[in-house]
Structures are given as structure tokens and as C-alpha cells.
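# Working through the structure, step by step
Residue strings, one per chain:
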Amino acid sequence: MDPLRSRIIADFERQVGSHDDPAVYGGPPGDPGLIGPGSVSWEVHADLASVSQAGLAAIVLEVLHPSVVAGVEDMSNYRSDPFARARATLGYVLATTFGNTSAATGLIDHVRHMHSYVNGTRPDGVPYRALDPELIAWVHICIPWMIMRTFERTNRVLTAEERDRYLAEQATIGRMGGGDGVPASVAELGDFVARMRPKLSVTAQTRAFLDFLVSAPSLSDLPGVIQRPIGRFAVHAGMIRAPRWARELTGYDRPEALSRRIYEPALQLDARLHRWAFGTPRYVELARARAAGVPLPEVVAR
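Along every chain, residues carry numbers that run from 1 in the direction the sequence is written. Selection of residues for local features in this predicted model requires a pLDDT of at least 70, selection of side-chain atom pairs for listing and counting requires 80 or more, and totals for whole chains, interfaces and linings are taken over all residues. Computation of side-chain values: all heavy atoms of the structure, hydrogens and water removed.

### Details of the overall build of the protein chain
- The helix and strand labels rest on DSSP assignments: H or I over at least four residues marks a helix, E over at least two residues marks a strand, and numbering proceeds from the N terminus. Scanning the protein chain for helices and strands turns up 16 helices and two strands.
- Based on C-alpha atoms, the radius of gyration is set beside the globule rule, defined as 2.2 Å times the residue count to the power 0.38. For the protein chain, the C-alpha radius of gyration of 19 Å lies close to 19 Å, the compact-globule estimate for 302 residues.
- Seen through its principal axes, the protein chain has C-alpha atoms that stretch 55 × 45 × 40 Å.
- In this scheme, a residue with accessible area under 20% of its type's maximum is buried, one over 50% is exposed, and one in between is partly exposed, where area comes from a 1.4 Å probe on protein chains only. Taken across its 302 residues, the protein chain has 46% of its residues classed as buried.
- For the protein chain, long-range pairs separated by at least 24 residues make up 73% of all intrachain contacts whose partners lie at least 6 apart in sequence.
- Residue exposure ignores everything except the shown protein chains as possible cover, and the areas themselves are Shrake-Rupley values with a 1.4 Å probe. About 13800 Å² of surface is accessible on the protein chain, with carbon and sulfur atoms providing 57% of the total.
- In this tally, Lys and Arg are treated as positive and Asp and Glu as negative; His is ignored, and so are the chain termini. The location of each charge is read from NZ of Lys, CZ of Arg, CG of Asp or CD of Glu. Separation of charge centres in the protein chain, based on 33 positive and 33 negative side chains, amounts to 5 Å. Contacts are assigned to residue pairs with any non-hydrogen atoms lying within 4.5 Å of each other.

In C-alpha cells form, the structure reads like this:
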């Protein structure tokens, strides 16, 4: 394999895993999974570049809810395992979209069970629980929302009907996870975000989380004098996929001209490199073969 391609794949998998388990993406011949082939979700989530690139903006939007970031601070091990949340989030998106029905349903049930232990009190004295249906809906929708925006910026523009189909497909996952009022169309997404915005803020815990992102754990082998500037660049770049109000709230807004000249070209190059390196991701190959009932040859070791 080309050395550059090998390096890109190795660096990616070191941070967020390989996501190619036949027990998850293979399975009973003819099983379409929870969403199935021919869906907009299968097209969009087959683009690993868009799904992974959307991750930072999605996670930042999630933690803008003070109850979400409180749960992350109280219960998460992200400081000791900085890539755990990225691995878990990407794995959840891919497995619930492309996994066989048993694996996808089992993962959703497992996450709900784990979240049943995430309860506490925010620094402002407000109690929180991860299984709050509104919080589940918020955390859920941040992911397909940012993936859709990223896909349209780096791949192709979806039609209005495709956007609604995509959100409706993903809403099935959100409802199974315990979400209430999960948006299933662009109109519903707009209404839901408008209702949630007054509940979002940047707290001391949010600032601590953002500062951790800037510390760029993926660049920890670089000197600090270089690491933090590169980390800030990465966060600014990732946040241009978020809506303007979120960028302004977090302080990660940049003039549109600067985004067009610097950040957007960097993201476009990153997307092209990842598409070139991965081609058709293994999870897609496995899911397509499973749904079609066609045995897939063993993958040749890289």
C-alpha cells in the first residue's frame, strides 16, 4: 500500500478506531439493519470523510448544554483517554446506520443502560440525568445535523427531500435511544434548535472542555509552542461547520473571508485525502454484502 495512504489510515484508526467488525457490519444474509440500503443515511455515512470531519462541531454543540457538559465532566474519562468519545460517537453513528439489526439494537440498548448511571448536579445547583428525553434528543440531533452540513460542503448538495429523508431516518435512531421530539425534517430541526438555544451557554465546564480540545491530544508529540496554535487552528476549522451563533457563543468565529481562504481549503483537502486513502470503507462493504445476501471475501491485511 502507498506509504501516505497507510499513514493516513493508521493515524485515523489510532484516534477513532477501525470500525470494520464483521460481527457488527456483517451478519444474517438479507438483513437491512435499522435503516437499510437505498437510504440517504447509507450514502451520507458511507462518506467517512464527512462523518469524521463533522465530529468536532457536533461534540461542541452537545456540550453547549450545561447538563450535557456536567455529565461529561462528572462521568467521562476523556482526559485520561482523549479519543474515547470520538471513538464511541463515530462507532455509534456507523453501527446504528450500517450494523446488522441485532448489533445496532444491542448498541442502542447498551448506551441507554450506561447512561442510566449518569446523574448528578450541575455547578449551578440544577440536577441532571443523561436519560432526560430532551437531552437525548439534543445530543442525538447534533450529530446528523453537523454530518449533513459537512457532507453538503465537501461532497454534494442534498435536495430538500433528501434532507428530510435523512433526518427522518436518523430520528428513528434517536427515538430508539430514548429521545423525545427528535426532529425528523429540516423544519422540525429549525424549531427544535430555536427551543433549545435559550438553554445553551458556555460555562466554566464548557471552557475547560474547549481548552482541552485546543490542547490537541492528537498532536501531543509536538512541542507545546507548536501544539496549541495547531490545536486552535483545528478547532477553528472544525467549528466553521457549526452555525454562526454557536461559533460566536464559543468564541470560535472567524470572518467569512478568512474561512474561505484558509479553513475551507484545509477541510476540503482533508476530505479528499481521506476519501482517497479509504476508498469504500470496510463497514460499507460488509453492510452492502450482508443486505444483498452475498458473501464478502476476506479482507487482505493492510
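### Quick word on unusual backbone geometry
- Positioned with a positive phi, histidine 19 is a non-glycine residue whose angle comes to about 55°.
- Along the chain, histidine 19 falls in the loop between helix 1 (3–16) and helix 2 (22–25).

### What about helix 5 (residues 55–63)?
- The buried count for helix 5 comes to seven of nine residues, which makes it a mostly enclosed element.
- Where helix 5 is concerned, the buried positions are Ala57, Ala58, Ile59, Val60, Leu61, Glu62 and Val63.

### Overview of the side chain of histidine 45
- Here histidine 45 is to be found in helix 3 (residues 40–45).
- Relative accessible area serves as the criterion here: at 0%, histidine 45 is assigned to the buried category.
- The definition of a polar contact used here is a pair of N or O atoms within 3.5 Å, where within protein one atom must be able to donate a hydrogen and the other to accept one, and adjacent residues in sequence count solely through side-chain atom pairs. Here the side chain of histidine 45 touches tyrosine 166 through a polar contact of 2.7 Å, side chain to side chain.
- Among residues more than four places away in sequence, those in contact with histidine 45 are Val51, Val93, Leu94, Thr97, Phe98, Ile147, Tyr166, Gln170 and Tyr283.

### A short note on the packing of helix 7 (residues 84–98) against helix 8 (residues 101–115)
- In this description, a line fitted to the C-alpha atoms serves as the axis of each element, helices being fitted only across the stretch in contact, and the angle between N-to-C directions of two axes falls anywhere from 0 to 180 degrees. As a packed pair, helix 7 and helix 8 sit with axes 8 Å apart at the nearest point and diverge in direction by 140°. As judged from the angle between their axes, helix 7 and helix 8 are oblique. Where helix 7 crosses over helix 8, the handedness of that crossing is left-handed. Where helix 7 abuts helix 8, its residues Gly91, Tyr92, Ala95 and Thr96 lie against Ala104, Leu107, Ile108 and Val111.
- Tallied by class, the residues present in the contact of helix 7 with helix 8 amount to six nonpolar, two polar and no charged. When describing relative orientation, an angle under 35 degrees is termed roughly parallel and one over 145 degrees roughly antiparallel, while 65 to 115 degrees is termed roughly perpendicular and anything else oblique. Put simply, a crossing is left-handed when the front helix is turned counterclockwise from the back one by less than a right angle, and right-handed when it is turned clockwise. Each residue is assigned to one of three groups, with Ala, Val, Leu, Ile, Met, Phe, Trp, Tyr, Cys and Pro labelled nonpolar, Asp, Glu, Lys and Arg labelled charged, and all others, Gly among them, labelled polar.

### Brief notes about the packing of aromatic side chains
- Each aromatic pair joins two rings of Phe, Tyr and Trp (for Trp, the six-membered one) with centres within 6.5 Å, and gets the label stacked for planes under 30 degrees apart, edge-to-face for over 60, and tilted for any other angle. Across all of its chains, the model carries six aromatic pairs by this definition.
- Ring plane angle 70° and centroid distance 5.1 Å describe the contact between phenylalanine 12 and phenylalanine 278, whose orientation is recorded as edge-to-face. Within this pair, whereas phenylalanine 12 is found in helix 1, its partner phenylalanine 278 is found in helix 15 (residues 256–278), the two being separated by 266 residues in sequence.
- Judged by relative accessible area, which is 10%, phenylalanine 12 ranks as buried.
- Taken together, the aromatic side chains of Tyr25, Trp42, Phe98 and Tyr283 make up a single cluster linked through ring pairs.
- Taking the ring centre of tryptophan 276 as reference, the NZ or CZ of arginine 5 above it sits at 4.3 Å. The rule for a charge over a ring is simple: NZ of Lys or CZ of Arg within 6 Å of the ring centre, and within 35 degrees of the ring normal.

### Some words on the side chain of threonine 206
- Its place among the elements puts threonine 206 in helix 12 (residues 204–214).
- Dropping the residues within four chain positions of it, threonine 206 is found in contact with Val63, Leu64, Val69 and Ser201.

### Focus on the nonpolar core
- The biggest cluster of nonpolar side chains holds 69 residues, and the ones touching the most others in it are Leu61, Phe98, Trp138, Trp145, Met146, Ile147 and Trp245.
- Counting residues per element, this core draws most heavily on helix 9 (residues 133–154), which supplies eleven residues. Residues grouped as a nonpolar core are buried Ala, Val, Leu, Ile, Met, Phe, Trp, Tyr and Cys residues, joined through side-chain atoms within 4.5 Å.

### Quick notes on a nonpolar patch on the surface
- A surface patch of nonpolar side chains, about 340 Å² in accessible area, is lined by Leu4, Leu269, Leu273 and Trp276.
- For the nonpolar patch, the leading source of residues is helix 15, giving three residues.
- Within the secondary structure layout, leucine 273 lies in helix 15.
- Look at leucine 273 and you get partly exposed, because its relative accessible area is 31%. Exposure above 30% relative accessible area and the lack of any salt bridge qualify a residue for a patch; like charges then connect within 9 Å, and the nonpolar side chains Val, Leu, Ile, Met, Phe, Trp and Tyr within 5 Å. Every case where a carboxyl oxygen of Asp or Glu lies within 4 Å of a side-chain nitrogen of Lys or Arg is listed as a salt bridge.

### Observations regarding the pattern of salt bridges
- The tally for this structure, following the rule as stated, stands at 15 salt bridges.
- A salt bridge links arginine 7 to aspartate 11, with the shortest nitrogen-to-oxygen separation between them at 2.8 Å. Of this pair, arginine 7 and aspartate 11 both sit in helix 1, four residues apart, which is roughly one turn of that helix.
- A salt bridge links arginine 282 to glutamate 285; the shortest N-O distance between them is 3.5 Å. Of this pair, arginine 282 and glutamate 285 both sit in helix 16 (residues 282–292), separated by three residues, roughly a single helical turn.
- Overall, arginine 282 belongs to the buried group, its relative accessible area being 18%.
- Through salt bridges that share partners, Arg244, Arg247, Asp253 and Glu256 make up one connected network.

### Some remarks on the environment of methionine 146
- Tracing the sequence through the fold places methionine 146 in helix 9.
- Those residues in contact with methionine 146 that sit more than four places away from it in its chain are Ala54, Ala57, Ala58, Leu61, Arg241, Ala242 and Pro243.

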